[in-house]
Each structure stands twice: as C-alpha cells, then as structure tokens.
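# A look at the structure
The chain contents come next:
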Amino acid sequence: MRMKFVIKVLLSVWIVYTIFIMLVMPNLGSYLGRSSSRYITPYANSVGLNANWNFFSPDPAPTMYIQFRIHFLDPEGYQIKDSVDGFFPAEKNRRISSIFRQRELYVMRYMLIDPRRLKTFMGPWLCRQYPGATSVEMEHVVETIANLDQMVVLKGEGVESLSTVFQNIHEVFSCVDASDEVSS
Amino acid sequence: MMQRLWKAWDQFWFSPQNLMGVALMRIVLCGTMFLSYLVRQWKMEYYSDLSWIPRSMALEAMGDLYRPLFLWSFWPDSLMSSMHILLVVLLGLLALGIGGRWIMWMAWILDMGFIQRNFAVNFGADIIAALFLFYLSFTQSCERLSVLNLFNNKKEFRQSDFISSMMIRMIQVQISVIYVYTGWEKLKGASWWDGTALWSVMANPQMTTMNFEFLRNIPWVIPLVAYMTILFEIYFPAMIVSKKMRLSWLVMGALFHLGIAIFIGLWNFAFVMVSTYFLFIDPIELRLKIVSKWENLRKGFRF
C-alpha cells in the first residue's frame, strides 16, 4: 500500500513535469521557455514532445516550390552539357497525386523554413541526382494566392491568372567542392 | 486540506476507468499508422544516404533547440527496410489487439527511429501519432476489443490499473493542449482575423484535393468556417470538461476533421486526432443514450 502511494507520488511529479513541457515546448521562445529549456528539452526532444502545434497558422502558406538549374561545366568554366532545369517537387504548383511521394511536399517546406538547408541538404542531394553536375542553382519560388475580394469581384478570372510569382531566396551550391559554395 | 486535495488528485488521475475507449483509440490509431507506414514501405530510400538527409546529419537536421540527446534509430541504414517491415507488422498486430505494453513500446521506439532518421519527410500526423503511441504504450490498450478475446471467449474485463488511468488522462490533456495552441497560433495570423485564411488553403492547388474556386460564389462560407474553426479549437478543453457540451463538441470535431480529410486529403491526420475522442466518451453512458434514442425512435414510428 505504502509502495503504491510512493509510486503515485513519483508519477504525480512526472505528470506535472510533462504538462509543464506540453505547455512550454510549443512556445520555447518565451521567457519561460528560454529560462527552462535546459531542464526540459533533453527529455522533450527524446520522447517527441518537441512539436509546435501551428497547423495552417499564423497564416496558411502560399503555393511554393523550389526551382533549380543544374550546370555541367569543365574546369575552365565552359559548358560541356546542356544545363537541366527542374522543380522540387516535380509537380511544381500542383498537388502531388502519388500517395508514395506526398512526403516530398513536406520535404520542400522543411528546406524552405531555413534557407541554409538548401545548401546543406538540397544542394548535395541534387548533385547526387545528376552525376557529372558541377553546380546547382536553387530558388524558392512563391506564388501568391489571389485574395478573396478580388476573386469575388473579378468573376471571369481564375486564381492562377491573379496570382503573383516572385523569387524569395537564391542559392548556388558547388557539386565539385562543397567548400567553394557561394550564395547570392 | 492536503488530504482532500490529494484525494481529488488521486481520483482524477489514478481512479480505474473503463478500457473500452482506449481500445477503440488503439484500433484507430494503430490502424491508421499501419496503413500510412505500409505505403511508406515503398520509399525506403528516404531513410538511406540516398535521401536529402544522410545518417551523419540526422541529428543536425533537427535544429539546435529540438535536437534529441540520441537517435532512436540504433540500427544501421542497411536494416531500414527490415525494421520498417517489423514496425508495420507490430502496428498491424496492435490494431488487432495482439500484444501489450512491451510490443507497443517496441513499436514506439521503431517509429521514433524513423521519425528522427529523416526529419524532413514527416507528416504532422506522424509526429502526433508517435506522441499518442508513447502515452498509449503505458496503458492496457489490448485488454478489450482484441481478436484474442474472441478465441479465448473472454467475457469478463478488468478496469484500468492506475498507470493506464493516468495515461488516458495525459492523452486527454495532450489533445486539449494541441487544439488550444493551434487556435492561439491562428489568432496571431492576419488572414484568420480577416476571415479569409481558409480561402488561402482552398485556393492553393498544392493543398487541396480538387478545384475549390467555386467558393467565390458563396464567399460568406469562408469566414464562417474560419471563425468556427478558431472557436472550436480554443474552447475545446472548456467544452470537453462540460458534460453537457462534450458530445456536441466531439461531433463538431469529427465533422471538422472529416472536412479536412475530404477537402485537403489529410486522412491520416484526421484519424489520428479523432482517435483520442473515444477517451472522452463514457462507453456505458453512450450506449444508454443510443439505446434510449433508438427506443424513442422506434416508439415514434409505431404511432
């Protein structure tokens, strides 16, 4: 009986600790989060409590994708093969219909949340996809969604025709020597 | 005073509960994960050095503040396919009610291994499902609605032990926190205040299952659903505590997730979230309600 009570007390400590993590982890940038992070993150990150619950928020993301160009140059800088243009995901601004590849939309968003990831992960991956490539240019392309007011008034226009396209980030990755990589 | 407080705390967290809800949750959660990961089996290159994230950078990929102490994927990449088959089999067995805490712990460790090995390919539903599986793995989730009970002709069922009860409560708290946070986050967004956020989703061809441009002809629906979404999410914990409002809120939640599943194609997410709803329903009370409604209906038809 006493043993059960002791276990319940220990479990109660765990309950309080876990609920504290549940409440603080999604807002780790707050004062409470910053000051308690070293006590909570090792555990939270190991058991999967390290998530932000921001589905479609603060605002839903616009249509976006990665546009890339693969270059094939000789050491003197002359083109030895036509460059290859492409998009990631390959569907560009369309839905990925294959259930086997739907995770690629999440990969694209993961890469674009922090532009450094384009160089660290996406660039080397693209180099591997195109053997002989010397460098990769990558751009984050955003297609804005025409706002509702416009769509209501301009009945004859489609969403796509009222959308604006702009490039957000431009990165260049060298496939020959990763230390040579440059960005603009 | 302290004794009274402890008694209330003990009652809330540790008192025995009917295990039917947790069994229903197990079926929906593990069944969803089983199907989702069965599909993933055809993309095992995601979990090799051929993917975007090589093994040597798996931890680095997770960002400084969100980096775990170690990788749960203790097996080499060459065994990824075999370990994934094992995960799918374990989830299938658990959905059928074969297994128990040890099997579920194994499934959770394998699942975390895959989540951490390539953090970039995770759906939101994978993360939430893993979290719920973690809590569920401490419960007697296979006590009821197990195929083994059919073979053993089991008629008498235990109530939950105090650890299961505690974890059932933790899942209830966790789902409430998820809803509240996502509601609060929406309040930070100008388009949610403006009421047009859902238009940004429905008009985004990357996100939707079909063309929803026709919504421009009934534009008032968009802010209405957007504001209802925020109200549903923020007030979820309060309404779920209220016995009067609980069932209505759960029905609203089920419809809300059904909408997300049909229009945005997030079926996994819908099932994972709704799986927790069974923990808010008293199976005996629900049965009585359904039976009495059915009886009333029958009487109505008779006259």
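What counts as what
- Residues numbered from 1 in each chain as written.
- Chains lettered and ligands numbered in written order.
- Predicted model: local features only at pLDDT ≥ 70, side-chain atom pairs only at ≥ 80, totals over all residues.
- Helix = DSSP H or I, 4+ residues; strand = E, 2+ residues; numbered from the N terminus.
- Contact = placed C-beta atoms within 7 Å.
- Domains from an automatic or database assignment.
- Nonpolar A, V, L, I, M, F, W, Y, C, P; charged D, E, K, R; others polar.
- Buried ≥ 20, exposed ≤ 12 C-beta atoms within 10 Å, placed from the backbone.
- Pairing = 2+ DSSP bridges.
- Expected span 1.5 Å × (residues − 1).
- Bend = angle between axes of the 7 residues up to and from the residue.
- Axes fitted to C-alpha atoms, helices over the stretch in contact; angles between N-to-C directions.
- Parallel < 35°, antiparallel > 145°, perpendicular 65-115°, else oblique.
- Left-handed = near helix turned anticlockwise from the far one by under 90°.
- Core = buried A, V, L, I, M, F, W, Y, C linked by C-beta atoms within 7 Å.
- pLDDT = per-residue confidence, 0-100.

What follows covers the overall build of chain B. Helix and strand counts for chain B stand at 14 helices and zero strands. Counting from the amino terminus, chain B carries its helices and strands in the arrangement α-α-α-α-α-α-α-α-α-α-α-α-α-α. Summarising its shape, the C-alpha atoms of chain B cover approximately 70 × 60 × 50 Å along the three principal directions. Taking the contacts inside chain B whose residues are at least 6 apart along the sequence as the reference set, 77% of them involve residues at least 24 apart.

What follows concerns the domain arrangement of chain B. Residue and element names in this part refer to chain B. For chain B, the assigned domains are domain 1 (18–145) and domain 2 (162–298). The straight-line distance from the C-alpha centre of domain 1 to that of domain 2 is 24 Å. Looking at the side of domain 1 that touches domain 2, the elements that each hand over two or more residues are helix H2 (20–40) and helix H5 (124–136).

With that out of the way, let us pick up the interface of chain B and chain A. By a widely used convention, the size of an interface equals the accessible area lost when the partners come together. The interface of chain B with chain A comprises 56 residues on the first partner and 51 residues on the second. At the level of elements, helix H1 (2–14), H5, helix H7 (162–187), helix H8 (190–194) and helix H9 (197–202) of chain B are the ones that each hand at least two residues to the side of chain B that touches chain A. Examining the composition of the side of chain B that touches chain A, we find that eleven residues originate from one element, H7 of chain B, more than from any other. Across the side of chain B that touches chain A, the residue classes tally to 37 nonpolar, eleven polar and eight charged.

In this section: unusual backbone geometry. Residues and elements named next belong to chain A. With an omega of 0 degrees, the peptide bond between Ser57 and Pro58 qualifies as cis. With respect to the helices, strands and loops of the structure, Pro58 is situated in the loop between helix H2 (31–47) and strand S1 (63–73). For Lys92, which is not glycine, the phi dihedral falls at a positive 60 degrees. Looking at where Lys92 falls in the secondary structure, it is placed in the loop between strand S2 (79–88) and helix H3 (103–113).

This part covers helix H13 (residues 267–275) of chain B. All names here are of chain B. The element H13 is extensively covered by neighbouring structure, given that eight of its nine residues are classed as buried. Buried residues of H13: Asn268, Phe269, Ala270, Phe271, Val272, Met273, Val274 and Ser275, and no others. At its buried positions, H13 is contacted by H2, H5 and helix H12 (243–264).

Residue and element names in this part refer to chain B. With respect to the element layout, Ile281 can be found in the loop between H13 and helix H14 (283–302). Residues Ile281 and Arg4 lie 277 residues apart in sequence; the distance between their C-alpha atoms is 27 Å. With near-sequence residues (within four places) excluded, Ile281 lies in contact with Gly21 and Leu286.

All names here are of chain A. Sheet analysis places S1 next to strand S3 (residues 135–143), joined by nine bridges and oriented antiparallel. Residue pairing for S3: Ile66 is matched across the bridge by His140. Two elements, S1 and S2, share seven bridges in a ladder whose sense is antiparallel. Bridge assignment links Ile66 to a residue of S2, and that residue is Phe88.

All right, on to helix H4 (residues 116–129) of chain A then. Residue and element names in this part refer to chain A. Over its 14 residues, H4 extends 20 Å from the first C-alpha to the last, a length consistent with the 20 Å expected when each residue adds 1.5 Å. In H4, a bend of some 40 degrees at Met122 exceeds every other bend along the element, and Pro124, a proline, comes one to four places later. Looking only at H4, the buried set comprises Arg117, Leu118, Lys119, Thr120, Phe121, Met122, Gly123, Leu126 and Cys127. Taken together, the buried residues of H4 touch S1, H3, S3 and strand S4 (165–174).

Right, let's talk about the packing of helix H1 (residues 2–24) of chain A against H7 of chain B for a bit. Contact geometry for H1 of chain A and H7 of chain B: axes closest at 11 Å, N-to-C directions at 15 degrees. Judged by the inter-axis angle, H1 of chain A sits roughly parallel to H7 of chain B. H1 of chain A and H7 of chain B meet at a crossing whose hand is right-handed. Residue-level inspection shows Lys8, Leu11, Ile15, Thr18, Ile19, Met22 and Leu23 of chain A of H1 of chain A in contact with H7 of chain B, the latter providing Phe162, Met166, Met170, Val173, Gln174 and Val177 of chain B. A per-class count over the contact of H1 of chain A with H7 of chain B returns ten nonpolar, two polar and one charged.

Of all hydrophobic cores here, the largest spans 75 residues; its most connected members are Leu29, Leu87, Leu91, Ala107, Phe132 and Leu133 of chain B. By size, the runner-up hydrophobic cluster in this structure holds 26 residues, among which are Phe68, Met111 and Phe121 of chain A together with Ala61 of chain B.

So, on to the packing of H1 of chain B against H7 of chain B. Residue and element names in this part refer to chain B. Packing of H1 against H7 brings their axes to within 7 Å, and their N-to-C directions diverge by 85 degrees. Taken together, the axes of H1 and H7 are roughly perpendicular relative to one another. Packed against H1, whose contacting residues are Phe12, Trp13 and Phe14, the element H7 presents Phe162, Ser165, Met166 and Arg169 at the interface. Split into classes, the residues belonging to the contact of H1 with H7 amount to five nonpolar, one polar and one charged.

Here we come to the confidence of the model for chain B. Residue and element names in this part refer to chain B. Of all residues in chain B, 99% have pLDDT values of 70 or greater, and the mean over the chain is 94. Within chain B, H14 has the poorest average pLDDT of any element, 71, and helix H3 (residues 80–96) the best, 98. Prediction confidence for the complex, expressed as pTM and ipTM, is 0.93 and 0.91 respectively.

Counting through the fold element by element, Gly63 of chain B comes out in the loop between H2 and H3. Residues Gly63 of chain B and Gly99 of chain B, 36 residues apart in the sequence, show an inter-C-alpha distance of 35 Å.

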